[in-house]
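Tertiary structure, described
Now for the letters of each chain:
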Amino acid sequence: MPKLDLNRQPMPKQEPQVRAKNFNEVALGYTPEQALAEANRCIQCPKHPCIDGCPVEVPIPEFIKALREGDMLQAVEVLKSKNSLPAICGRVCPQETQCESACTLSKKGAPIAIGRLERYVANWELNQPATSKPAVILPPTNGKRIAVIGSGPAGLTAAADMAKMGYQVTIFEALHIAGGVLMYGIPEFRLPKHIVQSEVEYVKSLGVDIKLDSVVGKVVTVDELMKEQGYDAVFLGTGAGLPMFLNIPGENLNSIYSANEFLTRINLMKAYLFPEYDTPVQIGKRIAVIGGGNVAMDSARCALRLGFEEVHIVYRRSRAELPARQEEAENAEEEGVIFKFLTNPVRFLGNKDGWVTQMECVEMELGEPDASGRRRPIVKAGSEFMIDVDIAVIALGTTPNPLITATTEGLDTTKGGTVVASETTGKTVKDSVWAGGDIVTGSATVISAMGAGKRAAASMHEALGG
Amino acid sequence: MYKILHREDLVPGIHLFRVEAPAVAAKAQAGQFVIVRVDEKGERIPLTVADWDREEGSLTIVFMEVGTTTRKMAILKKGDYILNFVGPLGLPTHIERLGTVVCVGGGVGVAPIVPIARAFKEAGNKVISIMGARSWNLLFWEERLRSVSNELTVTTDDGSYGRKGVVTEPLKEILDSGQKVDMVMAVGPVVMMKFCAKTTNPYGVKTVVSLNPIMVDGTGMCGCCRVEIGEKTKFTCVDGPDFDGHQVDWDLLLARQHIYLEAEKRSLELWEQREGRETNA
Ligand SMILES: Cc1cc2nc3c(=O)[nH]c(=O)nc-3n(C[C@H](O)[C@H](O)[C@H](O)COP(=O)(O)OP(=O)(O)OC[C@H]3O[C@@H](n4cnc5c(N)ncnc54)[C@H](O)[C@@H]3O)c2cc1C
Ligand SMILES: Cc1cc2nc3c(=O)[nH]c(=O)nc-3n(C[C@H](O)[C@H](O)[C@H](O)COP(=O)(O)OP(=O)(O)OC[C@H]3O[C@@H](n4cnc5c(N)ncnc54)[C@H](O)[C@@H]3O)c2cc1C
Ligand code: SF4
Ligand code: SF4
Ligand code: FES
């Protein structure tokens with residue numbers, strides 16, 4: 001056996017001080033030499049444990065092999081056989097807990113940088129002239145119609161797979177742009193919006209019709225889609241878009257945002273380009289972001305780029321429990337975000353005109369592990385203290401928007417508002433209705449939403465008689 | 001893209017569009033709203049449904065020029081397009097047969113009150129309407145409102161037309177007249193709605209108002225539109241826009257409407273400069 005190469009190729013990035021002032025992508029991507037060097041490290045394990053670590057089972061060794069043989073077209077085809085949105089997954093998948101953690105070389109501390117290679121291959125494809133891309137060959141239409149609600153990763157994946165199997169697919173999207181959280185939540189500097197849009201264009205090239213500005217439950221209901229408009233099946237991929245608040249005094253003061261609003265203004269509405277774009281966002285000196293997940297990191301890093309002088313992340317547990325991807329927490333820290341661990345806000349105070357000025361917090365300590373296995377934070381008595389803030393962003397997480405469940409007969413929902421659907425097929429208890437992604441799992445990941453979209457497509461195909 | 005089928009300048013600074021949007025028109029009901037984005041760089045703003053024509057597949061909106069978006073809209077002509085037009089959003093006004101309903105519309109709020117008054121009348125209520133504006137030249141749709149009401153009082157602040165004064169004066173007289181009023185519905189500027197609710201409060205008459213906080217998505221996703229009703233936080237776009245006027249925290253609503261005042265001024269100035277250059281060129 002040849003000697004193992006444990007030199008994982010680092011990702012070239014913009015310098016922290018530079019990138020903290022612009023919205024351009026942080027990661028710059030591998031050069032061809034770096035990609036080749038990284039691909040050459042793969043030992044092509046016959047048992048390919050890496051594949052089992054990927055929720056959509058990308059044939060990892062196979063695409064890496066094509067890459068190192070210089071057959072980029074083949075690499076693209078292999079990748080896309082399982083993952084219709086590789087340029088996105090390569091950027092935002094939590095690889096460290098999925099494919100890369102399963103890689104044989106992970107035990108040696110140097111897993112193959114699968115995500116970065118995936119990003120490289122997908123970027124290569126995006127930069128090819130249309131003529132040299134693998135041609136889209138679609139089967140003849142089978143005359144059956146599918147309605148997909150929501151154009152996030154779950155909906156886009158289900159739609160693409162159904163279209164490839166000959167169905168006529170229409171996506172209904174509430175917002176004015178397709179892409180879901182990929183457009184309104186994850187910022188430009190982590191996932192450039194033109195990349196999301198080229199993936200959306202790819203899905204459209206498969207014959208999928210996307211109806212924007214269409215809020216299902218308002219303009220049309222799920223039952224009407226089937227009974228009046230003749231759709232044979234419906235896939236619900238509406239995500240978990242309802243923001244949670246702390247429910248503490250003063251939370252409705254001016255300049256206290258949900259992370260959804262803060263990020264939507266910045267990403268979807270391009271408030272970072274105000275006043276060239278019409279939608280504003282408040283900018284001040286000191287901002288506190290409450291929470292510890294990817295959403296909190298994204299909000300804090302957006303704030304830095306908007307020009308805030310002091311950006312705090314306030315999290316009630318310790319660093320070890322941060323739910324955000326480690327890489328993103330590190331990026332945030334390098335850029336100058338200040339972490340306040342074991343701290344929890346108890347109320348906001350404002351001035352006479354209704355603007356927030358201060359946040360009262362308490363210190364926490366960690367007790368016994370709770371249901372999630374993480375140690376439960378407990379308030380330290382008498383530890384109250386004040387933080388001055390101009391703006392606060394609440395990034396606690398989201399639950400599904402009840403719009404669909406409230407207007408659709410016969411769906412089963414959990415206490416947390418998620419829709420009950422089979423884990424293996426996505427089938428709900430309602431006839432002809434499937435669901436997948438964050439609407440079923442609560443806030444999760446892009447790739448798990450895509451996996452759910454895929455499984456549902458396969459199940460729909462089976463149910464509709466092929 | 002949504003085509004403007006018809007444009008009317010109702011009074012200075014207030015315009016009407018009939019917009020081609022068959023799916024929205026098919027579902028629209030009194031009290032609901034749409035979200036409009038004029039162009040690629042535009043903001044999403046809410047506007048109330050003022051009327052609909054299901055056969056033509058059109059929806060009518062009436063808007064007042066206040067900032068960048070509404071100024072951009074004001075220069076559009078018949079045959080032009082609006083980039084995004086989403087709806088119908090929010091819950092429709094709850095219509096039932098109650099007996100006597102007083103409908104109050106102020107300023108641009110006269111437009112949305114018309115379909116509401118019409119729905120109450122069609123449901124078998126006696127509808128007493130009051131409409132008000134600052135001056136005679138800002139009044140529109142008097143005849144439309146009259147045609148869907150049993151009685152109508154018109155007020156102007158300066159007394160240049162109809163009764164001199166504000167809408168709460170005739171409202172109070174109706175309440176004092178001894179006739180049974182089962183509900184009051186008020187749509188207009190925040191201050192008007194607040195004072196309508198104040199006026200009816202001592203009489204214990206249920207008063208519904210249509211709140212207009214700043215919004216972004218209009219589907220319950222962002223929480224920008226939060227208001228406090230009886231000390232509970234509600235999202236106006238999905239829980240409203242209609243709420244019990246006696247429970248609304250008006251100061252909070254007013255404060256939250258002013259969050260972007262400075263930015264909006266800057267945005268408008270910049271747009272005016274740009275427009276000025278273009279129209280002079
Ligand atoms: C700020 C942020 C950062 C994140 N970072 C990461 C990351 O780094 N890596 C990762 O893997 N995951 C990340 N996630 C999570 C990931 O984005 C989600 O798990 C994923 O997008 C869920 O996909 P989905 O298709 O289920 O729903 P969504 O992406 O939420 O899409 C749902 C779509 O449905 C539309 N919709 C909703 N209701 C209706 C309706 N009634 N009618 C019509 N359309 C409707 C919505 O407008 C939306 O476009 C992040 C999430 C956020 C918010
Ligand atoms: C449910 C709902 C229904 C509405 N219906 C109508 C309608 O039928 N016709 C109509 O003309 N307007 C209506 N409005 C108000 C309308 O949305 C605002 O006038 C519009 O957003 C202003 O946009 P702009 O870009 O032109 O001005 P901006 O530059 O955004 O604002 C200019 C000025 O208007 C104030 N303002 C901003 N947003 C609002 C608001 N939501 N309400 C009141 N003042 C505001 C600001 O404080 C500022 O002083 C409605 C609002 C809501 C929430
Ligand atoms: S899709 Fe995500 S998990 Fe699967 S191989 Fe690619 S980066 Fe890894
Ligand atoms: S487990 Fe790692 S080394 Fe083995 S084939 Fe997969 S990527 Fe290559
Ligand atoms: S406008 Fe976003 S939640 Fe109401």
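It should be noted that the structure appears before, not after, this text.
Residues numbered from 1 in each chain as written. Chains lettered and ligands numbered in written order. Predicted model: local features only at pLDDT ≥ 70, side-chain atom pairs only at ≥ 80, totals over all residues. Heavy atoms only, no water.

Turning our eyes to something else, we now look at the overall build of chain B. When helices and strands are tallied, chain B shows 9 helices and 16 strands. Rg of the C-alpha trace for chain B: 18 Å, near the compact-globule value of 19 Å for 281 residues, within the 12% margin. Counting only C-alpha atoms and orienting by the principal axes, one finds that chain B spans roughly 65 × 40 × 40 Å. Counted over contacts in chain B with a minimum sequence separation of 6, partners at least 24 positions apart contribute 64%. Working note: accessible area of chain B is about 11700 Å², and carbon and sulfur atoms make up 50% of it. (Helix = DSSP H or I, 4+ residues; strand = E, 2+ residues; numbered from the N terminus. Rg over C-alpha atoms; globule rule 2.2 N^0.38 Å. Contact = heavy atoms within 4.5 Å. Areas by Shrake-Rupley, 256 points an atom, 1.4 Å probe, with all protein chains shown as cover.)

Moving on to the interface of chain B and chain A. The interface is formed by 46 residues belonging to chain B together with 41 residues belonging to chain A. In total, about 3500 Å² of surface goes out of reach between chain B and chain A, with carbon and sulfur atoms giving 53% of it. Joining chain B to chain A, the criterion identifies 3 salt bridges. For B:Lys72, the salt bridge identified is with A:Asp278, shortest N-O distance 2.6 Å. Those elements giving two or more residues to the side of chain B that touches chain A turn out to be helix 1 (22–27), helix 2 (68–74), strand 7 (84–89), strand 14 (226–229), strand 15 (232–235), helix 8 (250–257) and helix 9 (261–280) of chain B. With 6 residues, strand 7 of chain B is the single largest residue contributor to the side of chain B that touches chain A. A breakdown of the residues in the side of chain B that touches chain A according to their chemical character gives 21 nonpolar, 12 polar and 13 charged. (Buried area = accessible area lost by both parts, 1.4 Å probe. Salt bridge = Lys/Arg side-chain N within 4 Å of Asp/Glu carboxyl O. Nonpolar A, V, L, I, M, F, W, Y, C, P; charged D, E, K, R; others polar.)

Evaluation of the coordinates by the stated rule reveals 46 salt bridges over all chains. The shortest N-O distance in the salt bridge between A:Arg190 and A:Asp298 comes to 2.7 Å. In this pair, A:Arg190 is assigned in the loop between helix 10 (181–184) and helix 11 (193–205) and A:Asp298 in helix 14 (residues 294–306), connecting sequence segments 108 residues apart. Residue A:Arg190 is classed as buried on the basis of its relative accessible area of 9%. B:Arg71 serves as the salt-bridge partner of B:Glu65, at 3.4 Å between the closest nitrogen and oxygen. When salt bridges with common partners are traced through the structure, they connect A:Arg19, A:Arg190, A:Asp298, A:Arg301, A:Arg305, A:Glu328, A:Glu334 and A:Glu335 into a single cluster. (Buried < 20%, exposed > 50% of the residue type's maximum accessible area, 1.4 Å probe, protein only.)

Right, let's talk about the environment of A:Ile256 for a bit. With respect to the helices and strands, A:Ile256 occurs in strand 6 (residues 256–258). With 87 residues separating them in the primary sequence, A:Ile256 and A:Thr343 have C-alpha atoms 18 Å apart. Excluding its chain neighbours within four sequence positions, the residues that come into contact with A:Ile256 are A:Gly250, A:Glu251, A:Phe348, A:Val356, A:Ala392, A:Ile394, B:Arg226 and B:Arg256.

It is worth spelling out the packing of aromatic side chains at this point. The tally for this structure, following the rule as stated, stands at 9 aromatic pairs over all chains. For the ring pair B:Phe17 and B:Phe63, a centre distance of 5.0 Å and an interplane angle of 65° mean the geometry is edge-to-face. Note that B:Phe17 is positioned in strand 2 (residues 14–20) and B:Phe63 in strand 5 (residues 58–64), a separation of 46 residues in sequence. Taking the ring centre of A:Phe339 as reference, the NZ or CZ of A:Arg319 above it sits at 5.8 Å. (Phe/Tyr/Trp six-rings, centres within 6.5 Å; stacked < 30°, edge-to-face > 60°. Lys NZ or Arg CZ within 6 Å of the ring centre and 35° of its normal.)

Residue and element names in this part refer to chain B. The 7 strands lie next to each other as 11-10-9-8-12-13-16, forming an open sheet whose pairing is mixed. Whereas interior strands pair on both sides, the edge strands pair on one side only; in this sheet they are strand 11 (163–164) and strand 16 (242–244). In this structure, strand 8 (residues 100–106) lies alongside strand 12 (residues 183–187), joined through 5 bridges in parallel fashion. The partner of Gly105 across the bridge, within strand 12, is Val187. (Pairing = 2+ DSSP bridges.)

So, about the packing of helix 14 of chain A against helix 15 (residues 326–335) of chain A. Packed helix pairs are characterised by how far apart their axes lie and by the angle those axes make with each other. Residue and element names in this part refer to chain A. Taken N-terminus to C-terminus, the directions of helix 14 and helix 15 make an angle of 25°; their axes are 10 Å apart at the nearest point. With respect to each other, helix 14 and helix 15 are oriented roughly parallel. Here helix 14 and helix 15 pass one another in a crossing that is left-handed. Contacts between helix 14 and helix 15 involve Asn294, Met297, Arg301, Leu304 and Arg305 from the first element and Glu328, Ala329, Asn331, Ala332 and Glu335 from the second. (Axes fitted to C-alpha atoms, helices over the stretch in contact; angles between N-to-C directions. Parallel < 35°, antiparallel > 145°, perpendicular 65-115°, else oblique. Left-handed = near helix turned anticlockwise from the far one by under 90°.)

Within the structure, ligand 3 sits among A:Cys54, A:Pro55, A:Ile60, A:Asn83, A:Cys89, A:Cys93, A:Gln95, A:Gln98, A:Cys99, A:Ile114, A:Glu118 and A:Ile447. Taken together, the residues of the shell around ligand 3 sort by class into 8 nonpolar, 3 polar and 1 charged. (Near = heavy atom within 4 Å.)

What follows deals with helix 9 (residues 153–164) of chain A. Residue and element names in this part refer to chain A. Between its terminal C-alpha atoms helix 9 stretches 16 Å, which fits the 16 Å expected from 12 residues at 1.5 Å a residue. Among the 12 residues of helix 9, 11 are classified as buried, and the element is accordingly described as predominantly covered. Residues Pro153, Ala154, Gly155, Leu156, Thr157, Ala158, Ala159, Ala160, Asp161, Met162 and Ala163 constitute the buried set of helix 9. Check the buried side of helix 9 and you find it contacts strand 1 (145–149), strand 2 (168–172), helix 10, helix 11, strand 4 (233–236) and helix 18 (446–463). Immediately beyond the C-terminal end of helix 9, within one or two residues, lies Gly166, with a positive phi of roughly 95°. (Expected span 1.5 Å × (residues − 1).)

What follows concerns the sheet that holds strand 4 of chain A. By way of backbone hydrogen bonds, the strands of a sheet pair with one another, either parallel or antiparallel. Residue and element names in this part refer to chain A. Strand order in this open sheet of 5 strands is 3-2-1-4-16, and the pairing throughout is parallel. A strand with exactly one partner marks an edge of an open sheet, and here the two such strands are strand 3 (209–211) and strand 16 (433–435). The average undirected angle you get between the axes of adjacent strands in this sheet is 20°. Across 3 bridges, strand 2 lies against strand 3 in parallel orientation. Bridged to Phe172 within strand 3 is Lys211.

Quick look at the site of ligand 1 now. All names here are of chain A. Taken together, 34 residues lie around ligand 1, and Val92, Ala154, Glu173, Arg190 and Asp438 are the ones closest in. The contact in question runs from a nitrogen atom of ligand 1 to an N or O atom on the backbone of Ala174, over 3.1 Å. For ligand 1, an oxygen atom lies 2.9 Å from a polar atom in the backbone of Val446. Taken together, the elements giving at least two residues each to the shell around ligand 1 come down to helix 9, helix 14 and helix 18. (Polar contact = N/O pair within 3.5 Å; in protein donor to acceptor, adjacent residues only side chain to side chain.)

Residues and elements named next belong to chain A. Positionally, Asp438 belongs in helix 17 (residues 438–441). No salt bridge is formed by the buried Asp438, whose closest oppositely charged neighbour, Arg455, lies at an N-O distance of 11 Å. A polar contact of 3.0 Å, which involves the side chain of Asp438, links it to the backbone nitrogen of Ala444. Every residue in contact with Asp438, bar those within four places of it in the chain, is listed here: Gly239, Ala240, Pro400, Thr418, Ser443, Ala444 and Thr445. (Lys, Arg positive; Asp, Glu negative; His and termini not counted.)

In short, shape yes, function no, at least from these values alone.
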